[in-house]
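# Reading the structure
Listed here are the chains, written in short residue letters.
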Amino acid sequence: MAPQGARALFGIHHYITTGTDLPHELIHLVFLRVSQINGCAHCIDLHSRDLLKTMPFEKVALVPVWAEVPHLFSDQYRAALAWAEEVTLVSETHASDEAYAAASAAFTAKDLVDLTIAIAAMNAFNRLGAPFRLPVVAKA
């Protein structure tokens, strides 16, 4: 219905996945967590499948409670997940100075900007996927 808009969003996705130094697994981990917060079934299904290519099922299943199982995720992954939650819930968190300091300690300045672009892009995708009820691959 809006091919130019879709191309623009996919251009950001392309940049994130090919033009940054962020590990692909970290990108999909953040995409999954943002999608869980936003309740986008399509994106949860898609990014769970992406993560299962490199991450064990047990770990993927515990992404919603990552803070309760810190031994499963590296310091950088935990920082990315915390920043993803902070930015996704910005109307509640206001991107606190403490959260920014923690994220800045785990990423270079450019990587933190790229991570934030990834989070913002996934929030945009979720705001299309959830309301328009994009389908999931999962079958009964």
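Up top is the structure these notes are about.
Counting from 1, residues in each chain are numbered in the order their sequence is written. For a predicted model such as this one, the threshold for reporting local features is a pLDDT of at least 70, and the threshold for listing and counting side-chain atom pairs is 80 or more; totals across whole chains, interfaces and linings nevertheless cover every residue. Computation of side-chain values covers all heavy atoms of the structure but excludes hydrogens and water.

## Remarks on a nonpolar patch on the surface
A patch consists of residues exposed above 30% relative accessible area that lack any salt bridge, with like charges linked at up to 9 Å and nonpolar side chains (Val, Leu, Ile, Met, Phe, Trp, Tyr) linked at up to 5 Å. Areas reported here follow the Shrake-Rupley algorithm with a probe of radius 1.4 Å; residue values treat only the protein chains shown as occluding. For this document, the term salt bridge refers to a Lys or Arg side-chain nitrogen within 4 Å of an Asp or Glu carboxyl oxygen. Nonpolar side chains collect at one region of the surface, where I12, Y15, V113 and I117 lie side by side and expose about 300 Å² of accessible area between them. Counting only elements with at least two residues in the nonpolar patch, the list comes to α1 (3-18) and α8 (109-129). On the secondary structure map, I117 appears in helix α8. Exposed residues in this analysis have more than 50% of their type's maximum accessible area, buried residues have under 20%, and partly exposed residues fall in between, with area computed by a 1.4 Å probe over protein chains only. On the basis of relative accessible area, I117 is assigned to the partly exposed category, the value being 31%. A run of H or I in DSSP counts as a helix once it spans at least four residues, and a run of E counts as a strand once it spans at least two, with each numbered from the N terminus.

## So, the packing of helix α5 (residues 75-88) against α8
Helix axes are fitted to C-alpha atoms over the stretch in contact, other axes to C-alpha atoms as well, and angles between N-to-C directions run from 0 to 180 degrees. The geometry of α5 relative to α8 is characterised by a closest axis approach of 10 Å and an angle of 50 degrees between their N-to-C directions. Between α5 and α8, the crossing angle belongs to the class labelled oblique. Crossing angle aside, the handedness with which α5 passes α8 is right-handed. On α8, the residues touching A80, W83, A84, V87 and T88 of α5 are L112, L115, T116, I119 and N123. Classes in brief: Ala, Val, Leu, Ile, Met, Phe, Trp, Tyr, Cys and Pro nonpolar; Asp, Glu, Lys and Arg charged; the others, Gly included, polar. When the residues that make up the contact of α5 with α8 are grouped by side-chain class, the tally is 7 nonpolar, 3 polar and no charged. Angles below 35 degrees are treated as roughly parallel, those above 145 as roughly antiparallel, those between 65 and 115 as roughly perpendicular, and all remaining angles as oblique. For a crossing to be left-handed, the near helix must be turned anticlockwise from the far one by less than a right angle; the clockwise case is right-handed. Any two residues whose heavy atoms approach within 4.5 Å are treated as being in contact.

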